[in-house]
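A closer look at the structure
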Amino acid sequence: MSVFEEFKIGTKVFLDDEYGVVIDLKEHENSTIIRWDTPKENDFEDWCSMWFSFIQIGGKIVDQNYQFRYINDDGSLKDRI
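Now for a description of the structure that goes with this document. By convention here, each chain's residues receive numbers from 1 onward along its written sequence. At least 70 in pLDDT is required for a residue's local features to be given in this predicted model, at least 80 for side-chain atom pairs to be given and counted, and no such filter applies to totals for whole chains, interfaces and linings, which use all residues. Note: side-chain values were computed over all heavy atoms of the structure, leaving out hydrogens and water.

Attention now moves to the overall build of the chain. Helical segments are the DSSP runs of H or I of at least four residues, strand segments are the runs of E of at least two, and each set is numbered from the N terminus. Within the chain, the regular secondary structure consists of one helix and five strands. Going from N to C terminus, the chain has its helices and strands arranged as β-β-β-β-α-β. Each residue gets one of three labels from its accessible area relative to the maximum for its type: buried under 20%, exposed over 50%, partly exposed in between, using a 1.4 Å probe on protein chains only. Evaluated residue by residue, the chain yields a buried proportion of 35% over its 81 residues. In the chain, of all internal contacts separated by at least 6 residues, the share reaching a separation of at least 24 is 45%. Pairs of residues are marked as contacts when any of their non-hydrogen atoms sit within 4.5 Å.

So this is what it looks like as structure tokens:
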């Protein structure tokens, strides 16, 4: 299996000092959306067909047991207390 096949829904990733998760949100048919672990309500980024670029600039898959600070594993915001 190539590293590109590993980028699927639920995969936790890291790029530019930010963690995120690939989520099931489609802006268009070929979307591959990352939800970044920030307190922002809509911190999404579409990496459609750009995983090679993602890896080239330092992006990587991280340990799937990594615990996000602001979001749940499905990309939803954690409850604020």
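Okay, back to it.
Another point: the packing of aromatic side chains. Planes of paired rings set the category: under 30 degrees apart is stacked, over 60 is edge-to-face and the rest tilted, where pairs are Phe, Tyr or Trp rings (Trp by its six-membered ring) whose centres lie within 6.5 Å. This model, assessed by the stated rule, comprises five aromatic pairs. Judged by centre distance (4.6 Å) and plane angle (55°), the rings of Phe 14 and Tyr 19 are tilted. Aromatic pair Tyr 19 and Tyr 66: ring centres 4.0 Å apart, planes at 15°, arrangement stacked. Highlighted residues: Tyr 19 in strand β2 (residues 18-23) and Tyr 66 in the segment after β5 (60-61), separated in sequence by 47 residues. What links up through ring pairs into an aromatic cluster is the set Phe 14, Tyr 19, Tyr 66 and Phe 68. Charge-over-ring contacts are defined here by two conditions on Lys NZ or Arg CZ: a distance within 6 Å of the ring centre and an angle within 35 degrees of the ring normal. One residue, Arg 35, lies across the ring of Phe 44, its end atom 5.3 Å from the ring centre.

Each patch is built from residues that are more than 30% exposed by relative accessible area and take part in no salt bridge. Like charges join if they lie within 9 Å; nonpolar side chains (Val, Leu, Ile, Met, Phe, Trp, Tyr) join within 5 Å. To measure how exposed things are, a 1.4 Å probe is used in the Shrake-Rupley method; for residues, cover is taken only from the protein chains shown. We count a salt bridge whenever a side-chain nitrogen from Lys or Arg sits within 4 Å of a carboxyl oxygen from Asp or Glu. Only four residue types enter the charge count: Lys and Arg as positive, Asp and Glu as negative, with His and the chain ends excluded. Here the site of a charge means atom NZ of a Lys, CZ of an Arg, CG of an Asp or CD of a Glu. A cluster of acidic residues, Asp 16, Asp 17, Glu 18 and Glu 45, forms a negative patch on the protein surface. Among the secondary structure elements, Asp 16 is positioned in the loop between β1 (12-15) and β2. Judged by its relative accessible area of 59%, Asp 16 falls in the exposed class.

Our next topic: the side chain of Asp 37. Examined against the element boundaries, Asp 37 turns out to sit in the loop between β3 (33-36) and β4 (44-46). The buried charged residue Asp 37 lacks any salt bridge partner; its closest oppositely charged side chain belongs to Lys 78, at an N-O distance of 6.4 Å. Any N or O atom pair separated by 3.5 Å or less is treated as a polar contact, with the protein-specific requirement of one donor-capable and one acceptor-capable atom, and with residues adjacent in sequence counted only for side-chain atom pairs. Within polar-contact distance, the side chain of Asp 37 engages the backbone nitrogen of Arg 69 at 2.7 Å. Setting aside residues up to four positions removed in sequence, Asp 37 forms contacts with Tyr 19, Gly 20, Tyr 66, Phe 68, Arg 69, Tyr 70 and Ile 71.

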